[in-house]
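# Architecture at a glance
Below, each chain spelled out in residue letters.
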Amino acid sequence: MKAMLLRQQGQPLEAAELPDPTPGPGEVLIEVAACGVCRTDLHVVDGDLHHPRLPLVPGHEIVGHVKALGEGVDTFQVGQRVGVGWLGHTCGHCEYCLEGRENLCDAPGFTGYTRNGGFAELTVAEARYTYPMPEGGDDAEMAPLLCAGLIGWRSLVISGEGKRLGFYGFGAAAHLIAQVARWQGRQVHAFTRPGDAAAQAFALSLGATSAGPSDVPSPQPLDAAIIFAPVGDLVPTALQSVRKGGRVVCAGIYMSDIPSFPYSLLWEERQLVSVANLTRKDAHDFLALVPEVGLRAKVTRYPLAQANQALADLREGRLTGAAVLVP
């Protein structure tokens, strides 16, 4: 099979011909139809996330069709459209798994990080962490739902039920979750890199109440803010914009260092929380909403061989929406 391979962090991916993988017990072999390019992939490739399994096929926003079933798998059929996300394995017996908090498992596995992912023509995934995809819709437009959508959904749930939301960073995750928040009847205030008029216009086109640069205070006190951009400097900025009792959610797996800030920004029962990974319940709940919301991802398609270009465009902020590789 053709694949894009990471041999060393900080170096470009290499085009490679690899043996076709074979599903083991409890696994499915998937013919990849599309794989989103997530900011977490960028963190893996650039070395922000340490100790990936090398050599590695990145990619964890996978949509494809089941090609073969491993021993003991009876939950899918050959040819069925499925999706695979970031969390690819949990131990099932640590205290977090037993508490229903498998996103915090002590011995997890991650697609495109500790196990090969979807920057390839074929991939193998655990059936337990493979999801039936909604009917209809374009495969490439579905792919970002498997991480940008899922992490965004978990962040939205954790942010609470406030009506006025601030989204810091308006890329793959924010543009999906803005549609969900608007469907729920909430206001969305978008904050982008200063000078990014295209992203601000994009946010307004999706129903945002306001859109402006992240270095300007919110036009209204926010009930909650979700920081999608991996920029620690945004934490005190967001705290300044949430009302008393408000919540700031850090949605990324990686963020640059958070600068010191006066306690007064946190006082009055403001909360600062992070989101770690996701659970299978998150996936099933969110994917069930997709047809009801009419959720649509704006994507830029790249051939598999142009994975490095997709990563570069994401790194340099040249994308509106999400990048997707199509083998």
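That block above? That's the structure.
These notes cover the structure that comes with them.

A few words on the overall build of the chain. Looking only at helices and strands, one finds 9 helices and 17 strands in the chain. The C-alpha atoms of the chain give 19 Å as radius of gyration, which agrees with the globular expectation for 327 residues (20 Å, within 12%). Along the three orthogonal principal directions, the C-alpha set of the chain runs to about 55 × 40 × 40 Å. For the chain, the residues scored as buried account for 54% of the 327 residues in total. Contacts in the chain between residues at least 24 apart in sequence constitute 70% of all its contacts with a sequence separation of at least 6.

Another point: the environment of M1. Following the sequence through the fold, M1 ends up in the segment before β1 (2-5). Classification of M1 by relative accessible area gives buried; the value is 14%. Discounting residues that sit within four places of it in the chain, M1 has contacts with A16, E17, L18, P19, D20, P21, A120, E121 and L122.

Turning next to the pattern of salt bridges. What the rule picks out here adds up to 15 salt bridges. Note that D282 is salt-bridged to R154, the shortest N-O span being 2.8 Å. Pair noted here: D282 is in helix α8 (residues 280-293) and R154 is in helix α4 (residues 148-159), with a separation of 128 residues, a long-range link. Residue classification places D282 among the buried residues on the basis of a relative accessible area of 10%. Judged by its relative accessible area of 17%, R154 falls in the buried class. The network of salt bridges with common partners includes E27, R115, E126 and R128.

As a further point, take the layout of surface pockets. If you add up the space inside the largest pocket, you get close to 990 Å³. Lining the largest pocket are 48 residues, with R39, G171, F228, A229 and P230 sitting closest to its centre. Contributing elements (two or more residues each) for the lining of the largest pocket: α1 (39-46), α4, α5 (172-183), β11 (187-192), α6 (197-205), α7 (234-241), α9 (307-315) and β17 (322-326). Its residues placed into classes, the lining of the largest pocket shows 29 nonpolar, 12 polar and 7 charged. What the second largest pocket holds in volume is close to 180 Å³. Lining the second largest pocket are 14 residues; nearest its centre among them are M1, P21, R53, N116 and V124. Sort the elements by how many residues they give to the lining of the second largest pocket and strand β8 (residues 122-126) lands first, with 3 residues. Its residues assigned to classes, the lining of the second largest pocket shows 8 nonpolar, 3 polar and 3 charged.

Take the nonpolar core next. F119, F167 and F286 are the most contacted members of the largest nonpolar core, which has 94 residues in total. If we ignore the near neighbours within four places in the chain, the residues touching F167 are A174, I177, A178, V188, H189, A190, F191, I226 and F228.

Time to look at the state of the cysteines. Two cysteines joined by a covalent bond between their sulfur atoms form a disulfide. Considering all chains together, one arrives at 0 disulfides under this definition. Cysteine C91 is unpaired, with the sulfur of C105 as its nearest cysteine sulfur at 3.6 Å.

Over the atoms, a rolled probe matching the size of one water molecule traces out where space is still vacant. This structure, assessed with the given rule, holds 1 cavity of 30 Å³ or more. Considering only enclosed or pocket space, the largest cavity measures out at about 40 Å³ in volume. Lining the largest cavity are V84, G88, T111, R115, N116, V124, A125, E126 and Y129. With 3 residues, the single largest contributor to the lining of the largest cavity is β8. In terms of residue class, the lining of the largest cavity is made up of 4 nonpolar, 3 polar and 2 charged.

The next subject is the packing of aromatic side chains. Overall, the coordinates contain 7 aromatic pairs when judged by the stated rule. On the basis of an interplanar angle of 40 degrees and a centroid distance of 6.3 Å, the ring pair of F110 and Y113 is categorised as tilted. Judged by relative accessible area, F110 falls into the buried class, the value being 11%. Look at Y113 and you get buried, because its relative accessible area is 13%. An aromatic cluster is built from W86, F110 and Y113, whose rings are joined through pairwise contacts.

Here the focus is the environment of A33. Assignment of secondary structure puts A33 in strand β3 (residues 27-37). The class of A33 is partly exposed, set by a relative accessible area of 24%. When the C-alpha atoms of A33 and R81 are compared, they prove to be 9.3 Å apart, with 48 residues separating the residues in sequence. Setting aside residues up to four positions removed in sequence, A33 forms contacts with V63, G64, H65, D139, V326 and P327.

Note that β11 and strand β12 (residues 210-213) share 4 bridges and pair parallel. For T192, the partnering residue across the bridge sits in β12 and is P213. Handedness of the crossover is the feature at issue here: the chain leaves β11, passes through α6, returns alongside β12, and the resulting connection is right-handed.

What counts, and at which threshold
- Residues numbered from 1 in each chain as written.
- Predicted model: local features only at pLDDT ≥ 70, side-chain atom pairs only at ≥ 80, totals over all residues.
- Heavy atoms only, no water.
- Helix = DSSP H or I, 4+ residues; strand = E, 2+ residues; numbered from the N terminus.
- Rg over C-alpha atoms; globule rule 2.2 N^0.38 Å.
- Buried < 20%, exposed > 50% of the residue type's maximum accessible area, 1.4 Å probe, protein only.
- Contact = heavy atoms within 4.5 Å.
- Salt bridge = Lys/Arg side-chain N within 4 Å of Asp/Glu carboxyl O.
- 1 Å grid on protein atoms, 1.4 Å probe; cavity = no way out; pocket = protein on both sides within 12 Å on 5 of 7 lines; lining within 4 Å.
- Points joined across faces, edges and corners; volume = space filled by probe spheres on them.
- Nonpolar A, V, L, I, M, F, W, Y, C, P; charged D, E, K, R; others polar.
- Core = buried A, V, L, I, M, F, W, Y, C linked by side-chain atoms within 4.5 Å.
- Disulfide = S-S within 2.5 Å.
- Phe/Tyr/Trp six-rings, centres within 6.5 Å; stacked < 30°, edge-to-face > 60°.
- Pairing = 2+ DSSP bridges.
- Right-handed = clockwise from strand over helix to strand, strands pointing away.

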